[in-house]
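# Observations on the three-dimensional arrangement
Each chain is listed here by its residues.
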Amino acid sequence: MKITEKLQKAEKEGRTFWSFEFFPPRTAQGLQNLYDRIERMRNLGPEFIDITWGAGGKNADLTSSLVQVCQETIGIETCMHLCCTEMPKEKVEWALAQAKQHGCQNILALRGDPVAGTSKWEPTPGGFTNAVDLVKHIHEHYPGDFCVAVAGFPQGHPETPEGEEGARQEIQWLKEKVDAGAEFIFTQMFYDTSIFFDWVKRVREAGITVPIVPGIMPIQNWEKFEKWVQRESIVVPQHFYDALRPVKGDDERVRQVGTKLVAGMCKEILANKEAGVKGLHIYTLNLEKGARMLLQELGLEGRREQIAPLPWRPSLTPHRRSESIRPIFWANRVQSYLSRTDEWDEFPNGRWGDSRSPAYGDLDGYPVSININANDAYNLWGHPTTFSEICDLFARFCRGDLAKLPWSSQPPASETSVIDEQLAKMNELGYLTINSQPAVDGVPSEDKVHGWGPTGGYVYQKAYLEFFVSPELLNPLIRRIERDPRITYYAVNKQGDLRTNTHSEGPNAVTWGVFPGKEIVQPTIVEAVSFIAWKDEAFELGLQWANLYPPGSPSRELIESTMNSSYLVNIVANDFRDGMSIFEPFLLDEHSTSKIGKVVDGAQQTVNGVLDGLNGVVENVKRAVGVNGHSNGVAVNGH
């Protein structure tokens, strides 16, 4: 969605909006950490984010990757900066084409700073001279594709001559950019609201009517505050210095005091009816705490439909924006699902299509990855040598004592806390759970744990479990499941042998929501064909875990054996009003607290002991038997 549409919606609903700015880190690890941070900060409820562009496109690939992940996987509307500095037209074309492909509909067009090592800005041969040229080019070559923003400078651009004439000239340049098609304005950071209000008044008097979004810089610590103020020649009110200087040696106090100062400034801006500002753009410097503290001080919280419009994270790439149904199997592997289904000739995008596509289940061309190196895996999961140790790892994950498993890169969802003990007991009994959801019977959509979608609605869930289990445990489990007509299941091994008590070929909705003025939304489903597609990946992840250990090692052989012999099972308790019925076939209350894994390991040891004893008897007999088959005149046939 274009940012102007979002701003219009916020104004119509009479609410304040806010947004965040991030920049591409210099390292691959920094980029991965930023992805995680943006994921968390998405829950603060920004209307959109923007990603900066290094001069000359130095970080072009990183910027493009950031935009792609934010749009496609994190599912947050993203605005991409684009500069003229050291950018020939072909590089601009590449950047715009990439942005469009990723579903990015918003561009901040900037002239940019002078080339590093120079003090005067010079246009690039074959490039653009000013931001207005870039605005015109975008609208000419990509009509309707992008909402274009431009920058405004309440204190004046550093290169603008001081005085009234310089100020008038700058407003005129801003008007030219708007007349060329700029649809809203981001401002340079400032701390003096009187300067900002005066600038807004002059902008409006010049006939510029597009929305103005003020750039807000939280005060993180004294050194960074001074650095930015000096670098950008920012005017700072005296009362800021009076409050900050006494605590400048204490970063935590600087952040606390600075947050109150900046929050006071923001309240003044938002309360000024003449300025008509409806929202704030926060320069995060890729830091989380300062932005979080500022929003808390302002009393701003993200809306549920903004943070969780569906129980899974929607993608914002062009061909997936309307997607409203997904199989539950990929709940913990979002990027995997998006990547794998991108080339399917059918996938859920509003209504379930023909899932019998031959592309289903094909791993070719999609690199399944456990995304962890051996050392990190050893630190997390140790070197299990018995099945009971594997069971213990899974149980610890369910109880929140383990950060991740090969099938889940994040800790369990908050709703898992409702059933965490039942899940832990299942794992102790030998059912290795990799996905689950509790039953929910009409919880308000605003609920902090289970809620999703627009306010004023109610959400429902059938209890769902997915796990690996040995054939020895599966057979009696299926007999118990089939005694309860409320429960349906699918079970498949690595070779593709499928067992089920489901006779319908259609999907089984396991999550749905009822909202005012809408038809019932059914976003999460279970169905056979997509489960078979997921099966390949689920077993592959387990084998990749095994391969992190040296060939021939006990851990590698144990995990390989577990994957090669187990079944992957999912079960649905269709009576969503009985949240515990799904656990009844596992007889959790009828077992002692000792783990089934220990029993299995003990039984194996007993068998091995018996075999060793038999082998010993055979060897003794062999030694006692002579060439003619007799020993000391005693016939070996007992006669």
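A brief report on the enclosed structure follows. Note that the structure is predicted; figures quoted are calculated from it, not measured. (Residues numbered from 1 in each chain as written. Predicted model: local features only at pLDDT ≥ 70, side-chain atom pairs only at ≥ 80, totals over all residues. Heavy atoms only, no water.)

### Some points on the pairing of strand 19 (residues 567-573)
For strand 19, a buried count of seven out of seven residues is recorded, marking the element as mostly surrounded by other parts of the structure. Strand direction decides the pairing type here: strand 14 (residues 463-469) and strand 19, joined by seven bridges, are antiparallel. Note that in strand 19 the partner of Phe467 across the bridge is Val569. Of the strand pairs in this sheet, strand 15 (residues 487-493) and strand 19 are connected by seven bridges, and their pairing is antiparallel. Paired with Tyr489 across the two strands is Ile571, which belongs to strand 19. (Buried < 20%, exposed > 50% of the residue type's maximum accessible area, 1.4 Å probe, protein only. Helix = DSSP H or I, 4+ residues; strand = E, 2+ residues; numbered from the N terminus. Pairing = 2+ DSSP bridges.)

### Focus on the nonpolar core
Core analysis: the biggest nonpolar cluster contains 104 residues, and Phe20, Leu82, Ile185, Tyr191, Phe196, Trp199 and Phe225 have the highest contact counts within it. The biggest single contributor to this core is helix 10 (residues 251-271), with eight residues. When residues no more than four places from it in sequence are discounted, the contact partners of Trp199 are Gly152, Phe153, Pro154, Ile171, Leu174, Ile185, Thr187 and Ile212. Core analysis: the next-biggest nonpolar cluster, separate from the first, contains 42 residues, Tyr337, Leu541, Leu543 and Leu558 among them. (Core = buried A, V, L, I, M, F, W, Y, C linked by side-chain atoms within 4.5 Å. Contact = heavy atoms within 4.5 Å.)

### A short note on the pattern of salt bridges
Note that side chains of opposite charge can pair when their charged atoms are close. Counted by the stated rule, this structure contains 31 salt bridges. Salt-bridge contacts for Glu47 lead to Arg15; the nearest nitrogen and oxygen are separated by 3.1 Å. Here Arg15 lies in the loop between helix 1 (3-12) and strand 1 (17-22) and Glu47 lies in the loop between helix 2 (28-42) and strand 2 (48-51), a separation of 32 residues in the sequence. Each member of the pair, Glu47 together with Arg15, is buried. Glu252 serves as the salt-bridge partner of Lys289, at 3.3 Å between the closest nitrogen and oxygen. Of this pair, Lys289 sits in helix 11 (residues 289-298) while Glu252 is found in helix 10, placing the two residues 37 residues apart along the sequence. With relative accessibility at 35%, the residue Glu252 sits in the partly exposed group. (Salt bridge = Lys/Arg side-chain N within 4 Å of Asp/Glu carboxyl O.)

### Describing the side chain of Asn570
Mapped onto the elements of the fold, Asn570 is located in strand 19. Residues in contact with Asn570, not counting those within four places in the same chain, are Phe329, Tyr464, Leu465, Glu466, Thr488, Tyr489, Tyr490, Val526 and Phe531.

### Notes on the sheet that holds strand 18 (residues 521-526)
If you walk across this open sheet you meet the five strands as 10-18-17-13-12, and the pairing is mixed. Across the chains shown, the open sheet's two edge strands, defined by having one partner strand only, are strand 10 (326-327) and strand 12 (440-444). When strand 17 (residues 508-514) meets strand 18, the two strands line up antiparallel, connected through four bridges. Across the sheet, the residue bridging to Thr511 is Thr524, located in strand 18.

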